[in-house]
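Understanding the architecture of this molecule
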Protein chains: 2
Amino acid sequence: MSESTAVARGRRTSRNRGDDRERAILDTAERLLGERSYADVAVDDLARGAGLSRPTFYFYFPSKEAVLLALLDRVVAEARARRDEAVADPAPDVEGRWRQVIGAIAQPFRSHLAVTLAAAEARATSVAVREVWNGVMERFVDETAAQVEAERARGAAPDGPPARQLAIALNWMNERVLHSAFAGEQPGLAADDAVEVLLTVWMRTIYGGRLP
Amino acid sequence: MSESTAVARGRRTSRNRGDDRERAILDTAERLLGERSYADVAVDDLARGAGLSRPTFYFYFPSKEAVLLALLDRVVAEARARRDEAVADPAPDVEGRWRQVIGAIAQPFRSHLAVTLAAAEARATSVAVREVWNGVMERFVDETAAQVEAERARGAAPDGPPARQLAIALNWMNERVLHSAFAGEQPGLAADDAVEVLLTVWMRTIYGGRLP
DNA sequence: GAGTCTGTCAACAGGGTGTCGAGAAACGGC
DNA sequence: GCCGTTTCTCGACACCCTGTTGACAGACTC
């Protein structure tokens, strides 16, 4: 639904103006979300910021929510790409491989903090945002569960509750802990400590055997 | 209009009428939050439901948020009480004790589902709700950290990351996993499975030693 | 140079919040 | 029993926000 832009030199401006406006709205949104909360950014702010009137905004996007979804899509795509990169170039040790995956997913959300926090906020009220978000989580859960099962199959990890159940708990933990760390909430971990602490919980949960 | 109050002759009625109205608003709120989301309940709905006009609502509560906070306080108080009960009457085995605590905290939030989900929704935009919520979490984190340190001191649990960091990760995990379970989100655990799965992660994280 | 897209926006309709000030109702003193 | 004070009630208002409508302007198309 993009990529076909940059149509060389000439006068094929027909779509350019519209694309520029669209990009201006997205840029304005990401900038304003860095300054205040999603709820405090009105459609009028996005329009004005992009040099448009409010009704004109609606020519480009059906709602403020749609702008956020567009921004979120980019971050999600990046997180998936980073994760795939990490998996494609695995560390030699088991712990290092899990660290790679957790860190790779966290990184894009951290570097697009404004979008991440806005999405978390909007998820509370927007069905569409929630669906996108849960879709992302679903995929990470699936992949985690498959990895855990593989580790069990090769005898590296002990049995226990269904791998999928552990994967659900661990992935939601990451989401919540990273959110509170990024948002600077209390109680919360320092953003720089978070991955290591999460990794400890993952390692002990996946590989820790029976208890005393 | 209805109820007619008919409080008979308890003479110190001075505050009764007001208290009744207040309770009617709280009851209406909890009922409506069982039917639709916090955002979809307007102040007018609360007022009408309690047999009042909208401006009169503001005589009793400064905002819709204040109503939610009042409801939330009750649930939080119950969770704290249940937790204290559980601690006061400990199971004989270690795992049983942790199960008691996790289950005791979860139970009131589950039985007041409407308030729990509304608070989670409102937390995204309301500073006051977030503060209450994080205050609750802070206390659970403190208590968890102290327990973990006690287990380490008596040699039952191995060393590792600071107890407080683990406590933060584990408590946020519980919050998020229980929320998704209660809300029926996907991916999510069945509400009846959640405590056992969480318990597994806690046990392995707290007592699981070094890894392969 | 007429027709048709792509943009553009003033004005409107509708729904929400919170406030103000004029009162009605209940009570307590006398 | 009447009277002032406190408690309670609500119509009307001021605001802010969303999303739509309809008239209209510029550019490219043939």
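Right, let's walk through the structure included here. (Residues numbered from 1 in each chain as written. Chains lettered and ligands numbered in written order. Predicted model: local features only at pLDDT ≥ 70, side-chain atom pairs only at ≥ 80, totals over all residues. Heavy atoms only, no water.)

Focus on the relation of the copies chain A and chain B
Superposition of the two copies of the chain requires a rotation about an axis together with a shift along that axis. Inclusion rule: A least-squares fit on C-alpha atoms brings the copies together, and the residues used are those whose pLDDT is at least 70 in both copies.
If you rotate chain A by 180° and push it 0.0 Å along the axis, it lands on chain B with an RMSD of 0.1 Å. Expressed as a symmetry operation, the mapping of one chain copy onto the other fits a two-fold axis. Relative to the rotation axis, the C-alpha of A:Met173 is the closest in chain A, positioned 2.1 Å from it.

Quick look at the pattern of salt bridges
The line we're drawing: We define a salt bridge as a contact between a side-chain nitrogen of Lys or Arg and a carboxyl oxygen of Asp or Glu at a distance within 4 Å. Helix and strand definitions follow DSSP, with helices as H or I runs of at least four residues and strands as E runs of at least two, each counted in order from the N terminus. Throughout this description, buried means an accessible area under 20% of the type-specific maximum (1.4 Å probe, protein chains only), exposed means over 50%, and partly exposed covers the range between.
Enumeration over the complete set of coordinates arrives at 34 salt bridges over all chains. A salt bridge links A:Arg23 to A:Asp20; the shortest N-O distance between them is 3.6 Å. Of this pair, A:Arg23 and A:Asp20 both sit in helix 1 (residues 16-35), 3 residues apart, which is roughly one turn of that helix. For A:Arg23, a relative accessible area of 44% puts it in the partly exposed group. According to the relative accessible area criterion, A:Asp20 is partly exposed, its value standing at 43%. For B:Glu175, the salt bridge goes to A:Arg176, with nearest N and O atoms at 2.8 Å. Here A:Arg176 lies in helix 8 (residues 163-183) and B:Glu175 lies in helix 8 (residues 163-183), a pairing that spans two chains. Each member of the pair, B:Glu175 as well as A:Arg176, carries the same accessibility label: buried.

Some remarks on unusual backbone geometry
Backbone torsion omega between A:Gln186 and A:Pro187 reads 0°, so that peptide bond is classified as cis. Here A:Pro187 is to be found in the loop between helix 8 and helix 9 (191-207).

What to know about the side chain of A:Thr28
Residue and element names in this part refer to chain A. In plain terms, the rule: Whether two residues touch is decided by their heavy atoms; if any such pair falls within 4.5 Å, the residues are in contact.
With respect to the helices and strands, the residue Thr28 is situated in helix 1. Judged by relative accessible area, which is 4%, Thr28 ranks as buried. In contact with Thr28, not counting residues within four places along its chain, are Asp45, Leu46, Gly49 and Ala50.

With respect to the packing of helix 7 (residues 127-153) of chain A against helix 8 of chain A
All names here are of chain A. To keep it simple, the criterion reads: Lines fitted to C-alpha atoms define the axes, with helix axes restricted to the stretch in contact, and inter-axis angles between N-to-C directions lie between 0 and 180 degrees. Angle categories: roughly parallel below 35 degrees, roughly antiparallel above 145, roughly perpendicular from 65 to 115, and oblique for all the rest. Take the far helix as the reference: if the near one is turned anticlockwise from it by less than a right angle, the crossing is left-handed, and if turned clockwise, right-handed. Polar here means any residue outside two lists: the nonpolar Ala, Val, Leu, Ile, Met, Phe, Trp, Tyr, Cys and Pro, and the charged Asp, Glu, Lys and Arg; Gly therefore counts as polar.
Helix 8 packs onto helix 7 with a crossing angle of 130° between their chain directions and a minimal axis gap of 8 Å. Judged on the interaxial angle alone, helix 8 and helix 7 are oblique. The interaxial crossing formed by helix 7 with helix 8 has right-handed handedness. Where helix 7 abuts helix 8, its residues Trp133, Asn134, Met137, Glu138, Phe140, Val141, Asp142, Thr144, Ala145, Val148, Glu149 and Arg152 lie against Ala163, Arg164, Leu166, Ala167, Ile168, Asn171, Trp172 and Glu175. In terms of residue class, the contact of helix 7 with helix 8 is made up of 11 nonpolar, 3 polar and 6 charged.

As for the interface of chain A and chain B
Basically, it comes down to this: Buried area: the accessible surface (1.4 Å probe) lost by two parts on joining, summed over both. Contacts described as polar in this section are N or O atom pairs within 3.5 Å, which, within protein, must combine one atom able to donate a hydrogen with one able to accept it, while residues neighboring in sequence count only if both atoms come from side chains.
Across the contact, 45 residues belong to chain A and 45 residues belong to chain B. With both chains or domains summed, chain A and chain B bury close to 3700 Å², and 64% of this area falls on carbon and sulfur atoms. In terms of surface lost to chain B, no three residues of chain A exceed A:Arg176, A:Pro187 and A:Arg204, which account for 22% of the buried area on that side. For the pair chain A and chain B, the interface holds 2 salt bridges. The interface formed by chain A and chain B holds 16 residue pairs in polar contact (both at pLDDT 80 or more) in total. Those elements that place two or more of their residues in the side of chain A that touches chain B are helix 6 (113-123), helix 7, helix 8 and helix 9 of chain A. The biggest single contributor to the side of chain A that touches chain B is helix 8 of chain A, with 12 residues. Class assignment of the residues belonging to the side of chain A that touches chain B gives a composition of 21 nonpolar, 11 polar and 13 charged.

Observations concerning the side chain of B:Arg176
The exposure class assigned to B:Arg176 is buried, which follows from its relative accessible area of 5%. At 2.9 Å, the side chain of B:Arg176 and the side chain of A:Glu175 are in polar contact. When neighbours within four sequence positions are excluded, B:Arg176 is seen to be in contact with A:Arg123, A:Trp172, A:Glu175, A:Arg176 and B:Glu185.

Overview of helix 9 of chain A
This is how the line gets drawn: What a helix should span is 1.5 Å times the count of its residues minus one.
Between its terminal C-alpha atoms helix 9 of chain A stretches 25 Å, which fits the 24 Å expected from 17 residues at 1.5 Å a residue. The buried fraction of helix 9 of chain A amounts to 13 of the 17 residues, a majority that puts the element mostly inside the structure.

Here we look at the packing of helix 8 of chain A against helix 9 of chain A
Between two packed helices, what matters for the description is the angle formed by their axes and the separation of those axes. Residues and elements named next belong to chain A. Where helix 8 meets helix 9, the axes come as close as 10 Å, and the angle between the chain directions of the two elements is 165°. On the basis of the axis angle, helix 8 is roughly antiparallel to helix 9. The element helix 8 and its partner helix 9 pack so that their crossing is right-handed. In this structure, helix 8 uses Leu166, Leu170, Asn171, Met173, Asn174, Val177, Leu178, Ala181 and Phe182 to contact helix 9, whose residues at the interface are Ala191, Ala194, Leu198, Val201, Trp202, Thr205 and Ile206. For the contact of helix 8 with helix 9, the class distribution of residues is 13 nonpolar, 3 polar and no charged.

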